[in-house]
Amino acid sequence: MLRVNRPGGGVRVKICGLRTLADVDATAKAGAAYMGLVFFPKSPRHVDIDLARTLAMAAPVGLAKVALLVNPDDETLDHVLDQVPLDMIQLHGSETPERLAEVRARSGLPVMKAVGIRTAEDLAQLDQFDGVADQVLVDAKPPAGSDRPGGNGVGFDWTLIADREWKGPWMLSGGLTPENLAQAIAQTGARQVDASSSLEVVKGVKDAAKIAAFCAAA
Ligand SMILES: O=C(O)c1ccccc1NCC(=O)[C@H](O)[C@H](O)COP(=O)(O)O
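Named according to an unreviewed UniProt entry, the protein is N-(5'-phosphoribosyl)anthranilate isomerase originating from Jannaschia pagri. UniProt lists a comment for the protein under the heading Catalytic activity (unreviewed entry), and it reads "N-(5-phospho-beta-D-ribosyl)anthranilate = 1-(2-carboxyphenylamino)-1-deoxy-D-ribulose 5-phosphate".

J.: Outline the packing of helix 3 (residues 74-83) against helix 4 (residues 97-107), listing residues and values.
T.: Across the interface, helix 3 lies against helix 4 with an axial gap of 11 Å and an inter-helix angle of 35°. Helix 4 is crossed by helix 3, and the crossing has right-handed handedness. Every residue of helix 4 that contacts helix 3 at D74, L77 and L81 is listed here: V103, R106 and S107. Tallied by class, residues from the contact of helix 3 with helix 4 come to three nonpolar, one polar and two charged.

J.: Before we move on, could you go through the site of the ligand and cite the residues and values that matter?
T.: Neighbouring the ligand are 26 residues; C16, S43, G150, G151 and S197 lie closest to it. Those elements that provide at least two residues to the shell around the ligand are strand 2 (34-39) and strand 8 (192-195).

J.: How would you explain the nonpolar core if you had to name every residue and give the values?
T.: Counting residues in hydrophobic clusters, the biggest one holds 61 residues, and the most contacted among them are L37 and V193. Ignoring anything within four residues of it in the chain, the contact list for L37 reads L18, V47, A52, L55, A56, K65, V66, A67 and L68.

J.: Before we move on, could you go through the pairing of strand 8 and cite the residues and values that matter?
T.: In strand 8, alternate side chains face the same way, and those of Q192 and D194 on one face and V193 and A195 on the other are all buried. As paired elements, strand 1 (residues 12-16) and strand 8 share four bridges and run parallel to each other. Paired with R12 across the two strands is Q192, which belongs to strand 8.

J.: Just give me the short version of the pairing of strand 5 (residues 111-117), but keep the residues and values in it.
T.: The element strand 5 is largely enclosed, with a buried count of seven among its seven residues. Going residue by residue along strand 5, you find V111, K113, V115 and I117 tucked away on one face and M112, A114 and G116 tucked away on the opposite face as well. One ladder, built from three bridges, connects strand 4 (residues 88-91) with strand 5; its direction is parallel. If you follow Q90 over to strand 5, its bridge partner there is M112.

J.: Tell me about helix 7 (residues 208-217), and please be specific about residues and values.
T.: The complete set of buried residues in helix 7 reads I211, F214 and C215. For helix 7, the angular spread of buried residues about the axis comes to 95°, placing them on one side. Within helix 7, the exposed residues directed more than 90 degrees away from the buried face are A209 and A216. The secondary structure elements touched by the buried residues of helix 7 are strand 1, helix 1 (21-30), helix 6 (181-188), strand 8 and strand 10 (205-206).

What counts and how
- Residues numbered from 1 in each chain as written.
- Predicted model: local features only at pLDDT ≥ 70, side-chain atom pairs only at ≥ 80, totals over all residues.
- UniProt positions renumbered as here; feature names shortened; annotations may be inferred.
- Axes fitted to C-alpha atoms, helices over the stretch in contact; angles between N-to-C directions.
- Helix = DSSP H or I, 4+ residues; strand = E, 2+ residues; numbered from the N terminus.
- Left-handed = near helix turned anticlockwise from the far one by under 90°.
- Contact = placed C-beta atoms within 7 Å.
- Nonpolar A, V, L, I, M, F, W, Y, C, P; charged D, E, K, R; others polar.
- Near = placed C-beta within 6 Å.
- Core = buried A, V, L, I, M, F, W, Y, C linked by C-beta atoms within 7 Å.
- Buried ≥ 20, exposed ≤ 12 C-beta atoms within 10 Å, placed from the backbone.
- Pairing = 2+ DSSP bridges.
- Arc of directions from axis to C-beta.

Here's what the structure looks like:
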């Protein structure tokens, strides 16, 4: 039987963009707290409903299943909720606080809102959602020309949030790797971290050893 092994109660990890049962197994065995399923057709990590359901059903107790959606309408949201057992919704588009509240009410699940950061001006977006969303995913803004709002493997200047007083739970994201994670945590005080690109051999294909290394670094 698959078990989540998370000794010590350290920094909680989300591994995003899982696409195979082996990914779920590696993520659980490495001790991650969350697994992310990407519902965004343009992404190399996109999963259709059947695959998402298969992966979610395989997740052991203790590994929270997060559906990542970009500006979902109610029909899309209901379809995912009807078919896939989930623990959290991640909104990764231009959703407003009002839409976030609607998604929370409609799904009955906690909602994490991704906020993209590049400069100090972007911190206003954080103020909008910190303490309002159930979690805030503090991610990097996509680079020019990207067709994805997240999962681009780029970071942002961590000093922008180094002294911030947070109102609610949050997770650090954007270009995190097994190698830079210790510095990212030291600089920001993050207690939750998320990664995708650095844990792949090619875009959309995760590597169990990299997942293990990231969780070990956390
Ligand atoms: O991963 C994707 O392809 C993706 C597509 C559309 C919206 C969001 C997406 N990923 C969001 C995540 O939660 C990523 O883990 C996060 O942005 C960090 O990604 P990375 O910088 O690649 O580690």
